[in-house]
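Understanding the architecture of this molecule
The chain contents come next:
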Amino acid sequence: MGAEVLVLDGPAMLSQARGFVAEQLHRLALPDVITDAQIIVSELVTNVFLHTGGVARLAVVDHPDGARVEVRDSSTAPPVRTGPAGNAMTGRGLQLVESLAARWGVDALPDGKAVWAELRTGPAADEPSAGPLDEASLLAMWSDDELDLPARPQVQAIDLGTVPTRLLLDAKAHVDGLVREFTLIAGGSDSGMGDEVPEPVSRLIDVVVHGFAEPRKTLKRLAVQAAAGAHEEVGVVLDVPDDVPGTVAAGRAYLDALDQANAFCRAARLLTLESPPQHRVFHRWYVTEYIACLEALDDPTPRRPRRFAEHLLREIEVVATAHRLADQGARLQSLAVALSAALTPEAVARAVLDEGVTALGASGGVILLATDSETLGVPGAVGHTPDVMGRLRDEHPDAQLPAAEAMRTGEPVWLETVAERNARFPDLIGFEPATVAMCAVPVSLGDRRLGALRFSFAEARLFDDEERSFVTAMAAQTAQALHRAELYRQRQEISERLQATLLPARLPSIPGLDVAAAYHPLTHAMEVGGDFYDVWRCDETHWALAIGDVCGSGPEAAAVTGLVRHTLRALTATPLSISEILLRLNEALLEAAAADDDERFCTVTLGFVDLTEGGVTVELASGGHPDPMVVGPDGAEVVEVRGTLLGAVPDVVIDVQRVELAPGQTLVLVTDGATEARHGGAMLGVEGVAAAAASAPGDPHRMIAAIERAVRRQDGGRLRDDLALLALHRR
């Protein structure tokens, strides 16, 4: 019977082809081969859709013992049966055709080619197949002489040298997978079966699928031929095209498109994986070298292409440089993190020198700083002997030595050999016997030169631009860190002076009593603390004491503390009772908060000490403060004095208690920095403070020291809040 032909065009051609094959084989009474025929036709039509982009014609021809299917297209390029890599998304189609068909092959046509496959039924189907068609067989079929076509003109070729066959095969397989996925995306959009492709992505797909097509096809055939011949390397020889400018532009666009496509792959927006680094190196090499040779065709002296091995060595150098710069960048970042916590010049020196000596492979390093004395300061050094350290500490700002010169001139000093070192700085002879090379870089903040960063090396050193930039960057970070340390020191000094004004300069002497007190701000804070204590004389037989905790810290807390202390001292000079004094203090805090539109509250315990012939009586009133305790030889007793926080609400409750101090007893008052010290979820509490105080009876100073130790243990070795303590002991 004659052939039935169907013209296929557009993304729906695959479903049309499968239906047409089923219909024709039913007509030929060959239902047993429909499934195999549909699979074969699907592969052949897909190849036309992916690789030619043209119209396909499908024919089903009656054949003895079966049928023959043919897929014809307008491309004269024969199909390539590749051996795909394990992770390749393409390259298996013709292998599948080969496994299902009794025979298959390719016929050249005047206007293209026909790829055919024969399917048989009955006894003939069990006959041995003609065997797979290898690359040589396929190419042998393709003879211009058989079609009597005009001979192809001899063209100039560009020989780029050889590359590993496996690299070429794997790189092309990866690109084929990308082309396949992009083609399917575009086809799905055109047929309405997929989402509309944005215009930039559509242009990208067009370049990847259709751009730079002839060189890509040539490379693919070269790789398959080399693989078929079991050659480990393949020569990359590309023709000079008729349209050189167009091919050059297409090559550049193709490389850019591959980079953009890799971005999609890297972001997991495609099924295709990102190109491995070796594939990207290969693509960039052959495209850029091919373009360079095409652009140099008219030059009098032909350009010799850079061979792949040369390009690979250059890439290795680029990668090594990038790794070195990345390592230096990481070290500078690590240094920045370390310096952010360095609050003293010594801590800055330790951080800089630890990173710098390791990164540079130096034998020693030191920071020298300008001081008010005749010699430079040395906050830190690494790798230097005691003799060298002694010389460094005696270095004068006007000395003819590298660090001093770098400070004076503001210019770095690079000494790469012993001869250069000794010629330029004779005073260094015998200074560091094991040192060969040296560098000293000024540490400057604007026009102000703070000091110099100096490194020594035990071998000759060629300081390249990258290394010089790295040391200079370290010096800049050092200058910033030293400036921060200086500001921290100044602020800490101001805080300490301000804190001192909020505490009594010295404790008064009270007849028959010993008074001890302590105050500890947060060890990691620079702000003025909110805790305070005070003891003052009212008249010949009456004294007052107070301990409190103001909300917050810093200047605001200092202002409230000053207000509380001065208000209490002023009110104790009046006939007001102890509870009335705290009520007046509450009013003063509320008025101050209203005036400043800010919260100003605190907890306070106020005490009146009355010395009589019969003993010592202490009247206590509390405004929300932790309970005091009385400690004696027989243990400790907590005195419950309840009250309301002051400065928060107008109506407060003030509790008053009287305590008789017997000889040998001590009244102990603390802030919540002691009672709320915690380890895990457990707080020390008033009972824990009392137990610590009872461990050292009879001496108020030893008692306070015992409480401090207990608080630090509970806080894990360091204070987590301000801490104030006050002890009044009756002899």
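Residues numbered from 1 in each chain as written. Predicted model: local features only at pLDDT ≥ 70, side-chain atom pairs only at ≥ 80, totals over all residues. Heavy atoms only, no water.

**Quick notes on a nonpolar patch on the surface**
Keep this limit in mind: Exposure above 30% relative accessible area and the absence of a salt bridge qualify a residue for a patch, where like charges join within 9 Å and nonpolar side chains (Val, Leu, Ile, Met, Phe, Trp, Tyr) within 5 Å. Computed with the Shrake-Rupley method and a 1.4 Å probe, the accessible areas treat only the protein chains shown as cover for residues. When a carboxyl oxygen of Asp or Glu lies within 4 Å of a side-chain nitrogen of Lys or Arg, that pair is called a salt bridge. Numbering goes from the N terminus for both helices and strands, where a helix is a DSSP run of H or I of at least four residues and a strand is a run of E of at least two.
A contiguous nonpolar surface patch, about 290 Å² in accessible area, is contributed by Leu312, Leu313 and Ile316. For Leu313, the position within the fold is in helix H10 (residues 308-340).

**Focus: the sheet that holds strand S18 (residues 629-632)**
Operational definition: In this scheme, strands are said to pair when DSSP sees at least two bridges between them. The angle between two axes is taken between their N-to-C directions and runs from 0 to 180 degrees, where each axis is a line fitted to C-alpha atoms and a helix contributes only its stretch in contact.
Strand order in the open sheet made by the 5 strands is S13-S24-S21-S18-S19, with antiparallel pairing throughout. On the outer flanks of this sheet lie strand S13 (513-520) and strand S19 (635-638), each paired with one strand and no other. The sheet shows a mean angle of 20° between the axes of neighbouring strands, direction not considered. Inspection of the sheet shows S13 paired to strand S24 (residues 723-730) by 8 bridges, in the antiparallel sense. Residue Ala518 lies in a different strand from S24, and its bridge partner there is Leu725.

**Some details on the nonpolar core**
Keep this limit in mind: Buried Ala, Val, Leu, Ile, Met, Phe, Trp, Tyr and Cys residues form a nonpolar core when they are joined through side-chain atoms within 4.5 Å. Partly exposed residues are those whose accessible area sits between 20% and 50% of the maximum for their type, while under 20% is buried and over 50% is exposed, using a 1.4 Å probe and protein chains only. Contact criterion: two residues are considered in contact whenever any of their non-hydrogen atoms come within 4.5 Å of each other.
Val564, Leu568, Leu582, Val604, Val609 and Leu728 are the most contacted members of the largest nonpolar core, which totals 49 residues. If we ignore the near neighbours within four places in the chain, the residues touching Val609 are Leu513, Thr541, His542, Trp543, Leu545, Val616, Thr617, Val618 and Leu728. Among the nonpolar cores identified, the runner-up in size contains 44 residues, and Phe212, Val240, Val244 and Phe282 belong to it.

**Quick notes on a negative patch on the surface**
What counts here: For the purpose of counting charges, residues Lys and Arg are taken to be positive, whereas Asp and Glu are taken to be negative. His and the chain ends are not included. The atom standing in for a charge is NZ when the residue is Lys, CZ when it is Arg, CG when it is Asp and CD when it is Glu.
A contiguous patch of negative charge, built from Glu556, Asp597, Asp598 and Glu599, is present on the exposed surface. Examined against the element boundaries, Asp597 turns out to sit in the loop between helix H17 (578-596) and strand S16 (602-612).

**Observations concerning helix H6 (residues 199-210)**
Since there are 3.6 residues in each turn of an α-helix, residues three or four apart along the chain are aligned in direction. Note the cut-off: What a helix is expected to span follows from its residue count: subtract one and scale by 1.5 Å.
Here H6 spans 16 Å end to end across 12 residues, near enough to the 16 Å set by a 1.5 Å rise per residue. Directly beyond the C-terminal end of H6, a positive phi value near 55° is found at Phe212.

**Description of the sheet that holds strand S9 (residues 377-382)**
Where strands meet in a sheet, backbone hydrogen bonds hold them as pairs that are either parallel or antiparallel. Strand order across the open sheet formed by 5 strands is S9-S8-S12-S11-S10, with antiparallel pairing between neighbours. Both outer strands of the open sheet, S9 and strand S10 (413-415), are each paired with one neighbouring strand and no more. Each neighbouring strand pair of the sheet contributes to a mean axis angle of 15°, computed without reference to strand direction. Where strand S11 (residues 437-445) lies against strand S12 (residues 448-457), 9 bridges are found, and the strand directions are antiparallel. Among the inter-strand pairings, Cys439 is bridged to a residue of S12, identified as Phe455. Where helix H13 (residues 402-409) meets the sheet, its contacts fall on strand S8 (364-369), S10, S11 and S12, and the angle it forms with S12 comes to roughly 150°. Contacts from helix H15 (residues 465-501) reach S8, S10, S11 and S12, with the element oriented near 40° to S11.

**Comments concerning the confidence of the model for the protein chain**
To keep things clear, this is the line we draw: Per-residue confidence from the prediction method is given by pLDDT, with values spanning 0 to 100.
Looking at the protein chain as a whole, its pLDDT mean stands at 84, while 89% of the residues score no less than 70. Across the protein chain, the element-wise mean pLDDT spans from 46 in helix H4 (residues 135-141) up to 97 in strand S21 (residues 666-670). Within the model, pLDDT remains below 50 along residues 124-133, and this stretch shows 15 contacts once partners closer than five positions in the same chain are excluded. Note on residues 135-155: pLDDT is under 50 here. Beyond four places in sequence and across chains, it has 28 contacts.

**As for the packing of helix H19 (residues 685-694) against helix H20 (residues 700-714)**
Where we set the bar: Note that the term roughly parallel is reserved for angles under 35 degrees, roughly antiparallel for angles over 145, roughly perpendicular for angles of 65 to 115, and oblique for everything else. We call a crossing left-handed when the near helix sits turned anticlockwise from the far one by less than a right angle, and right-handed when that turn is clockwise.
At their nearest, the axes of H19 and H20 sit 8 Å apart, and the two run at 135° to each other. In terms of orientation, H19 and H20 fall into the oblique class. For the pair H19 and H20, the sense of crossing is right-handed. Contacts between H19 and H20 involve Val689, Ala692 and Ala693 on the former and, on the latter, Met703, Ala706, Ile707 and Ala710.

**Structural notes on the packing of helix H16 (residues 555-571) against H17**
Put simply, H16 and H17 touch, their axes get as near as 10 Å, and they point 145° apart. In the packing of H16 onto H17, the handedness of the crossing is right-handed. Packed against H16, whose contacting residues are Val560, Leu563, Val564, Thr567, Leu568 and Leu571, the element H17 presents Ile581, Leu582, Arg584, Leu585, Ala588, Leu589 and Ala592 at the interface.

**Overview of helix H1 (residues 13-27)**
Taking 1.5 Å of rise per residue, the 15 residues of H1 would be expected to cover 21 Å, and the 21 Å separating its terminal C-alpha atoms lies within 8% of that figure. Those residues of H1 not exposed but buried are Met13, Ala17, Phe20, Val21, Ala22, Gln24 and Leu25. Just downstream of H1 lies Ala29, where phi reads positive at about 60°.

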